[in-house]
Amino acid sequence: LGGSKNGVYRMCANLVIVWCLTGFWHGAAWNFLAWGGYFALILIVEKLWLKEMLAKFPAVFGHVYALLAIVVGWVFFDAADLGEIGQTLLALFGGSGVAASGAAWYYLRSNAIVLGLAIAAATPLPARVMKRCGERFPRLAVIVEPVILLGLLFLATAFLVSNSFNPFIYFRF
């Protein structure tokens, strides 16, 4: 398609074509086409306006923007139909007027450990700890990272198994 080498309009058209085809590849439903269109729009807006603006702010703003964009994108991907996208986005941003249900609090409490570990792992702290460990105990540092990763794999698997039914997302197709 030429990528971004043939001008701004061609780049935008290429992004729309590629992402809408990517959405269609994931499933023959409108929500997947909307998912592809959503990411095409995000990339176009980012390339034309947001990239320079985000560069002026600390990196944390770019990370928050990316995480928010991806979370919203998953709403499009996981929805059963277009109506569900609107309802879920409304609930996600507090527009439904409904307070968190008992089930929401239950899941938050049940996954608090994993959520806390994920938040900690998303910071520079683990890299700093590994660097300091490597400086103090070079032989031990070679073993520590694989052990930590295996522990996290075990923990994630344990939380998945504890759910009664958690099918792989592509089993729907």
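Shown above is the structure to which this text applies.
Owing to the predicted nature of the structure, the values given are computational and were not obtained by experimental measurement. In every chain, residue numbers begin from 1 and rise along the written sequence. Whole-chain, interface and lining totals are the exception, using all residues; otherwise, since this is a predicted model, local features are given only for residues with pLDDT of at least 70 and side-chain atom pairs are given and counted only at 80 or more. Only hydrogens and water are set aside; all other atoms, that is, all heavy atoms of the structure, feed into the side-chain values.

Enquirer: Would you mind going over the nonpolar core in detail, with residue names and values included?
Expert: Counting 11 residues, the largest nonpolar core is built from F32, W35, Y38, F39, A69, V72, V75, F76, F77, A79 and I85. Helical segments are the DSSP runs of H or I of at least four residues, strand segments are the runs of E of at least two, and each set is numbered from the N terminus. Broken down by secondary-structure element, the contributors of at least two residues to this core are helix 2 (30–56) and helix 3 (59–78). By residue number, the principal contributor to this core is helix 3, which donates 5 residues. Contacts were defined at the residue level, with two residues in contact if any of their heavy atoms lie within 4.5 Å. The contact partners of F76, leaving out residues within four places of it in the chain, are N31, A34, W35, Y38, I85 and L89. Residue types Ala, Val, Leu, Ile, Met, Phe, Trp, Tyr and Cys, when buried and joined through side-chain atoms within 4.5 Å, form a set referred to as a nonpolar core. The cut-offs for exposure are 20% and 50% of the maximum accessible area for each residue type, with area from a 1.4 Å probe on protein chains only; residues under the lower value are buried, those over the upper are exposed, and the others partly exposed.

Enquirer: Provide a residue-level description of helix 3, including the pertinent values.
Expert: End to end, helix 3 covers 29 Å across 20 residues, agreeing with the expected 28 Å (1.5 Å per residue, within 8%). Among the residues of helix 3, Y65, A69, V72, G73, V75, F76 and F77 are the ones counted as buried. Check the buried side of helix 3 and you find it contacts helix 1 (8–26), helix 2 and helix 4 (82–92). In this scheme, a helix's expected span is set at 1.5 Å multiplied by one less than its residue total.

Enquirer: Lay out a nonpolar patch on the surface with the relevant residues and their values.
Expert: Within the patch definition used here, like charges are joined within 9 Å and nonpolar side chains (Val, Leu, Ile, Met, Phe, Trp, Tyr) within 5 Å, considering only residues with over 30% relative accessible area and no salt bridge. Under the convention used here, a 1.4 Å probe and the Shrake-Rupley method define accessible areas, while residue burial counts only the protein chains that appear. Salt bridge criterion: a side-chain nitrogen from Lys or Arg within 4 Å of a carboxyl oxygen from Asp or Glu. A surface patch of nonpolar side chains, amounting to about 480 Å² of accessible area, comprises M53, F57, V60, F61 and V64. At 3 residues, helix 3 tops the list of elements feeding residues into the nonpolar patch. Structurally, the position occupied by V64 is in helix 3.

Enquirer: For the environment of L33, give the residues involved together with the corresponding values.
Expert: Residue placement: L33 occurs in helix 2. With relative accessibility at 33%, the residue L33 sits in the partly exposed group. A sequence separation of 12 residues divides L33 from L21, and the C-alpha atoms of the two residues are 7.7 Å apart. Excluding residues within four positions of it along the chain, L33 makes contact with C20 and G23.

Enquirer: Could you give an account of the side chain of N31, naming the residues involved and the relevant values?
Expert: Topologically, N31 is positioned in helix 2. Engagement of the side chain of N31 in a polar contact is seen with the backbone oxygen of A79, the distance being 2.7 Å. In contact with N31, other than residues within four places in its own chain, are F76, F77, A79, A80, L82 and I85. A 3.5 Å cut-off defines polar contacts: any pair of N or O atoms within that distance qualifies, except that in protein one atom must be a possible hydrogen donor and the other a possible acceptor, and neighbouring residues in sequence count only when both atoms are side-chain atoms.

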